[in-house]
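Per-entry structural report
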Amino acid sequence: LGEVPLEVILTLRFTMASLILFGFWLWKGKELPRGKDLWLTAFSGFCCVTGYQLLSTHGVRTVSSGPASVLVDTMPIFATVLSVLILKHRPKWRTWTGLGVALSGAVLIALGESGGRLEWNIGVGLLLMAALIFSFGTIAQKPLMKRYDSLGITAVSFAAGALAMVPFAPNLLVSTQQIASRHLYTIAFLAIGPGALAYGLWGHALSRMPVAKASASLLLIGPLTFLIAWLFFNGVPTAVSVFGATVSCCGVWLVHSDQHC
């Protein structure tokens, strides 16, 4: 896959994922967004799929994994602020405090996994932009979840995001023909697992929870990632990482304990 442009892989991944989601949508037989709602759904797909994926994947090329995860973890902060400004949500002190605590835990995990080094370069800016643009997509989706099934919203946004990624994928057809079958299986796995399934569950959670609570739950990705690495790949975490994971979990719990959010 090293010779295949990253944009081609992303386009194939999310095209496969959108086909999978549309298959489930046809099985459920729910209504799809129309008119202005269709365009708003497409905008959310451009943000959450095209913009986020292109910015984040290029950003991590110059930022190590620990600091990169912290920068991406700023998304719940952006999303909560935007929900206050645009959706007029009014989270209380538990939510703001919990977000701060959880983000502090993410910083500790990054410090533990990167040996205490945090880089500052153009990749940092790209990752922050990725977090911000994903937040805009989340805010665009939230009102739609009240009128349509979350699966249909996710399917349409994926299709729009994959279509918007095509202009960024040079020689898409030629490059696709050069991908070996075993690598296509890998792309298919990414389309099914971290693609259709993950975003489908995210859409369902967003339809049932306030933006702050749904996005704060994403701060559990860091603790879960190194826990899986520890259990399955013998990646022993540092004491700082373990403490950071504990802090993150406490922060997420605090957000979810806010009954006014």
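Just above, that's the structure.
Residues numbered from 1 in each chain as written. Predicted model: local features only at pLDDT ≥ 70, side-chain atom pairs only at ≥ 80, totals over all residues. Heavy atoms only, no water.

**Digging into the overall build of the chain**
When helices and strands are counted, the chain shows 12 helices and 0 strands. The order of helices and strands in the chain, counted from the N terminus, is α-α-α-α-α-α-α-α-α-α-α-α. A globule of 261 residues ought to have a C-alpha radius of gyration of about 18 Å, and the chain, at 18 Å, matches this closely. Dimensions of the chain, computed from the C-alpha atoms along their principal axes, are close to 45 × 45 × 35 Å. For the chain, the residues scored as buried account for 46% of the 261 residues in total. Of all intrachain contacts in the chain linking residues separated by at least 6 positions in sequence, the fraction that spans at least 24 positions is 88%. (Helix = DSSP H or I, 4+ residues; strand = E, 2+ residues; numbered from the N terminus. Rg over C-alpha atoms; globule rule 2.2 N^0.38 Å. Buried < 20%, exposed > 50% of the residue type's maximum accessible area, 1.4 Å probe, protein only. Contact = heavy atoms within 4.5 Å.)

**Some words on helix 4 (residues 75-85)**
When we look at burial in helix 4, the residues that qualify are Met 75, Pro 76, Ala 79, Thr 80, Leu 82 and Ser 83. One face of helix 4 carries all of its buried residues, which in axial projection span an arc of 165°. (Arc of directions from axis to C-beta.)

**Section: the pattern of salt bridges**
The tally for this structure, following the rule as stated, stands at 2 salt bridges. Between Arg 34 and Glu 31 there is a salt bridge, with the nearest N and O atoms lying 2.8 Å from each other. Among the ionic pairs, Arg 147 bridges to Asp 37, the shortest N-O distance being 3.0 Å. Pair noted here: Arg 147 is in the loop between helix 6 (122-144) and helix 7 (150-165) and Asp 37 is in helix 2 (residues 36-59), with a separation of 110 residues, a long-range link. By relative accessible area, which is 47% here, Arg 147 ends up partly exposed. (Salt bridge = Lys/Arg side-chain N within 4 Å of Asp/Glu carboxyl O.)

**Quick word on the packing of helix 2 against helix 6**
Where helix 2 contacts helix 6, the axes come no closer than 8 Å and their chain directions differ by 160°. Taken together, helix 2 and helix 6 sit at an angle that is classed as roughly antiparallel. By crossing handedness, the relation of helix 2 to helix 6 is classed as left-handed. Class assignment for the residues of the contact of helix 2 with helix 6 results in 15 nonpolar, 10 polar and 1 charged. (Axes fitted to C-alpha atoms, helices over the stretch in contact; angles between N-to-C directions. Parallel < 35°, antiparallel > 145°, perpendicular 65-115°, else oblique. Left-handed = near helix turned anticlockwise from the far one by under 90°. Nonpolar A, V, L, I, M, F, W, Y, C, P; charged D, E, K, R; others polar.)

**A word on a nonpolar patch on the surface**
Nonpolar side chains collect at one region of the surface, where Leu 40, Phe 43, Val 81, Leu 85, Ile 86, Trp 96, Leu 132 and Phe 136 lie side by side and expose about 670 Å² of accessible area between them. At the level of elements, helix 2, helix 4 and helix 6 are the ones that each hand at least two residues to the nonpolar patch. Tracing the backbone shows Val 81 in helix 4. (Patch = residues over 30% accessible without salt bridge, like charges linked within 9 Å, V, L, I, M, F, W, Y side chains within 5 Å. Areas by Shrake-Rupley, 256 points an atom, 1.4 Å probe, with all protein chains shown as cover.)

**Focus: the packing of aromatic side chains**
Taken as a whole and judged by the stated rule, the model has 6 aromatic pairs. A ring pair is formed by Phe 14 and Tyr 199, whose centres lie 6.2 Å apart and whose planes are at 90°; its orientation type is edge-to-face. Placement of Phe 14 in helix 1 (residues 6-28) and of Tyr 199 in helix 9 (residues 181-208) is noted, with a sequence separation of 185 residues between them. On the basis of relative accessible area, Tyr 199 is assigned to the buried category, the value being 12%. Measuring from centroid to centroid gives 5.0 Å for Tyr 52 and Phe 134, while their planes differ by 65°, and the two rings are edge-to-face. Here the residue Tyr 52 occupies a position in helix 2, and Phe 134 occupies one in helix 6, the gap between them amounting to 82 residues. You'll find Tyr 52 and Phe 134 in the same group, each marked buried. Grouping aromatic residues by their ring pairs yields a cluster made of Phe 14, Phe 158 and Tyr 199. (Phe/Tyr/Trp six-rings, centres within 6.5 Å; stacked < 30°, edge-to-face > 60°.)

**Overview of the state of the cysteines**
Counted under the stated rule, the structure contains 0 disulfides. Cys 47 takes part in no disulfide bond, and the closest cysteine sulfur to it belongs to Cys 48, at a distance of 6.3 Å. A relative accessible area of 2% means that Cys 47 is categorised as buried. For Cys 250, which is in no disulfide, the shortest distance to another cysteine sulfur is to Cys 249 and amounts to 7.0 Å. Exposure remark for Cys 250: the relative accessible area of 43% places this residue in the partly exposed category. (Disulfide = S-S within 2.5 Å.)

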